[in-house]
Amino acid sequence: MDHISRRKFNKTLSKGIVGSTFLSSLPYACALGADQNNQKKLGVALVGLGSYSTYQLAPALMDCEYCYLSAIVTGTPEKEKIWQDKYGITRENVYNYDNFDKIASNNSVDIIYVVLPNSMHADFSIRAARAGKHVICEKPMAMNVEECDAIIDACKKANVKLGVGYRLHSEPYTKEIKRIVAAKEFGKINYIGAEAAYRSTSNPEQWRLNIELSGGGALMNMGVYAIQSVIYGSGENPISVTAQEFSTRPDYFKETDETITAQFEFESGVFANIMTSHNVSANKLFGSCDNGWFELDPASTYIPLAGRTSKGPLNFKQERQQKLQMDDFAKHVLMGAPNVAPGEMGKRDMIIVEAIYKSIAAGNKKIPLNLGQMGL
Ligand code: NAD
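Described below are features of the structure shown in this document. (Residues numbered from 1 in each chain as written. Predicted model: local features only at pLDDT ≥ 70, side-chain atom pairs only at ≥ 80, totals over all residues. Heavy atoms only, no water.)

A separate point is the overall build of the chain. The number of helices and strands found in the chain is twelve helices and 15 strands. Within the chain, the fraction of its 376 residues that count as buried is 56%. A separation threshold of at least 6 residues defines the contact pool for the chain, and within that pool the share at least 24 residues apart is 70%. With the model as given, the accessible surface of the chain reaches about 16,400 Å², and the carbon-plus-sulfur share is 51%. (Helix = DSSP H or I, 4+ residues; strand = E, 2+ residues; numbered from the N terminus. Buried < 20%, exposed > 50% of the residue type's maximum accessible area, 1.4 Å probe, protein only. Contact = heavy atoms within 4.5 Å. Areas by Shrake-Rupley, 256 points an atom, 1.4 Å probe, with all protein chains shown as cover.)

See the structure below:
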């Protein structure tokens, strides 16, 4: 900003010719001081046009203030025309999995959002980074910690930003729980309980039940929400985990875990219990403190969340979580705003997932965790 007056800077912005690279080099406060309405919106390419992209992300992108849907990447040719017509996407902004790397030369794509089965997250996130694009990778971040490291390294090498699709960090009820916990509003926290589960009965051939494509069952899918809940519900990373697995429908859940419970210890003395399942429906976060309690129920669905504390009900404006999430990431890229769900957070959760599977494999043994401040 030394070499450019604010007036000239605002004028340049209003012409829409300031690229995101230039904006991202500016201090946050400085970019916020600019006329936000005239800022360039970042172009997002969705990779994988399955149910989450179709029913949540693409509609949310229509409402975003800092980004928009500029391109699609799909392995299903029949979807191309439908999406082009619906979202006004030009022919040159349609890619498939084979010609995906050509996206590097497409200036209307700033962010690549990977929304594929878990086994494809690392490959496409790394290719996206190598194409010089910022990356949002869906949860769970990858199949294992090694893949998380490879994604993080690729983004660092390419000097691009990396976020995980943890939409709840942009969601007002969850943010209020984080505020309550940080402020110790109800005194010392003693116990956190979290449940993230739904009953799966549809197509037994779906990728979520295929270990090669999913990397695991309920724990990899819903379990990461329960892990997240106990961490933002306590404000700390756990120092140990002990886990159990339950199976009641082995004919349906042939390869992947059906129900898992796990208990966590924390340095401050907090104790936590989670349950995740593909066989029962449950969605809740509860925190018990010396001087009161807090609760979200539901805690991680994308239908509106609801919550209350021992002081009374919580009441926040409901907006599409994915709009808030993608705008937060775009603001991170554009203005250096905080990255609310960075790659290190996704990696930390994968370390915990691996420890839970290890505990179960070892006959419910307590597994120590040495996470420090990772992802907090
Ligand atoms: P989906 O099954 O509806 O869509 C998967 C997409 O991947 C489809 O377009 C499919 O054609 C494509 N695909 C490519 N190769 C495939 C293969 N070998 N097998 C199956 N599909 C293949 O899944 P989804 O619900 O859209 O989930 C996609 C990702 O998004 C997953 O990682 C999931 O965990 C994540 N997700 C996140 C949230 C959230 O709230 N953050 C919600 C739903 C899904």
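Let's shift gears to the pairing of strand β11 (residues 282-289). In terms of strand pairing, strand β7 (residues 189-197) meets β11 through eight bridges, oriented antiparallel. Bridging from a neighbouring strand, Ile 192 pairs with Gly 287 of β11. The pairing of β11 with strand β12 (residues 292-296) spans five bridges and is antiparallel. In the sheet register, Gly 287 faces β12, and the bridge partner there is Phe 294. Counting the residues between successive antiparallel strands, the hairpin from β11 to β12 contains two residues. (Pairing = 2+ DSSP bridges.)

Turning our attention to the sheet that holds β7. Taken together, the nine strands give an open sheet; going across it, the order is β14-β13-β12-β11-β7-β10-β9-β8-β15, and neighbouring strands pair in mixed fashion. Strand pairing shows two members of the sheet lacking a second neighbour, β14 (312-313) and β15 (367-368), which therefore form its edges. Bridge analysis of β7 against strand β10 (residues 271-277) gives seven bridges, and the strand direction is parallel. Bridge assignment links Tyr 191 to a residue of β10, and that residue is Phe 271.

Our focus in this paragraph is helix α7 (residues 145-158). Here α7 contains 14 residues, and its C-alpha end-to-end distance of 20 Å stays within 8% of the 20 Å for a straight helix at 1.5 Å per residue. The complete set of buried residues in α7 reads Val 145, Cys 148, Ile 151, Ile 152, Ala 154 and Cys 155. Each element contacted by the buried residues of α7 is listed here: α6 (121-130), β5 (134-137), β6 (162-164) and α12 (343-361). Capping the start of α7 is the job of one residue whose side-chain oxygen sits 3.3 Å from the backbone nitrogen of Glu 146: Asn 144. Just downstream of α7, Asn 159 is the residue with a positive phi angle, here 60 degrees. (Expected span 1.5 Å × (residues − 1). Polar contact = N/O pair within 3.5 Å; in protein donor to acceptor, adjacent residues only side chain to side chain.)

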